[in-house]
Amino acid sequence: MIPETQAETLADRDMWAHRALTAEQRATEYAAALEAAKKEVDSAHATSEHLHEEDTREIVALTQERDAALAALAKAEAKLAIVRRYVEELMTAADHLEAFHRVALLAILDHDAAPSGAAS
């Protein structure tokens, strides 16, 4: 039979061996969990970088489209200014033509209204 103190010592040794084994198992589990979490962080970081790159490309493309649209708008505004100038010139010409037409009509009316002997 084992003396009580020796049995307690063996029990303590077994208990500490069990605790050490349990602690080692937990440390292995924590290390695995830490590695998995690290991989998730790395994956999230890579996804974030990829999305940032996509956003940057999209912003560049949209900026180029906006610049092209602004350039087209500027050209259209320049053409519109030319058309407005032509319209103003046509309106002035129409006013002059209308005035000439009135003068011609008045001359015809005056001529028709004049006595026939005075016209000779």
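Residues numbered from 1 in each chain as written. Predicted model: local features only at pLDDT ≥ 70, side-chain atom pairs only at ≥ 80, totals over all residues. Heavy atoms only, no water.

Undergrad: How would you sum up the overall build of the protein? Please name residues and give values.
TA: Regarding its fold elements, the protein presents 1 helix and 0 strands. Over its C-alpha atoms the protein spans a radius of gyration of 50 Å, topping by over 25% the 14 Å that the globule rule assigns to 120 residues. The 120 residues of the protein split such that 0% are buried. By element, 63% of the accessible surface of the protein is carried by carbon and sulfur atoms, the whole surface being about 10800 Å². Averaging the coordinates of the 12 positive side-chain charges in the protein and doing the same for the 23 negative ones gives two points 3 Å apart. (Helix = DSSP H or I, 4+ residues; strand = E, 2+ residues; numbered from the N terminus. Rg over C-alpha atoms; globule rule 2.2 N^0.38 Å. Buried < 20%, exposed > 50% of the residue type's maximum accessible area, 1.4 Å probe, protein only. Areas by Shrake-Rupley, 256 points an atom, 1.4 Å probe, with all protein chains shown as cover. Lys, Arg positive; Asp, Glu negative; His and termini not counted. Charge placed at Lys NZ, Arg CZ, Asp CG, Glu CD.)

Undergrad: With reference to specific residues and values, describe the pattern of salt bridges.
TA: With the rule as written, the count across this model stands at 2 salt bridges. One salt bridge in this structure joins arginine 102 and glutamate 98, with 2.6 Å as the shortest N-O distance. One end of the pair, arginine 102, and the other, glutamate 98, are both in helix H1 (residues 4-113), 4 residues apart, so they sit about a helical turn from each other. Exposure remark for arginine 102: the relative accessible area of 51% places this residue in the exposed category. (Salt bridge = Lys/Arg side-chain N within 4 Å of Asp/Glu carboxyl O.)

Undergrad: Can you lay out a nonpolar patch on the surface for me, pointing to particular residues and giving the numbers?
TA: Together, Leu80, Val83, Val87 and Met91 make up a nonpolar patch on the protein surface, roughly 350 Å² of accessible area in all. Note on placement: valine 87 falls in helix H1. (Patch = residues over 30% accessible without salt bridge, like charges linked within 9 Å, V, L, I, M, F, W, Y side chains within 5 Å.)

Undergrad: Describe the packing of aromatic side chains, listing the residues and the values that go with them.
TA: On inspection of all chains with the given rule, the structure shows 0 aromatic pairs. Taking the ring centre of tryptophan 16 as reference, the NZ or CZ of arginine 19 above it sits at 4.8 Å. (Phe/Tyr/Trp six-rings, centres within 6.5 Å; stacked < 30°, edge-to-face > 60°. Lys NZ or Arg CZ within 6 Å of the ring centre and 35° of its normal.)

Undergrad: Could you give an account of a negative patch on the surface, with specific residues and numbers?
TA: On the surface, Glu49, Glu53, Glu54, Asp55 and Glu58 cluster together into a negatively charged patch. As for its position among the elements, glutamate 53 is in helix H1. Since its relative accessible area comes to 42%, glutamate 53 is described here as partly exposed.

Undergrad: Hey, could you go over the environment of glutamate 49 for me, with residue numbers and the actual values?
TA: Position of glutamate 49 relative to the elements: it lies in helix H1. Considering only alpha carbons, one finds glutamate 49 and alanine 32, 17 residues apart in sequence, at a separation of 26 Å. A polar contact is formed between the side chain of glutamate 49 and the side chain of histidine 45, at a distance of 2.5 Å. (Polar contact = N/O pair within 3.5 Å; in protein donor to acceptor, adjacent residues only side chain to side chain.)

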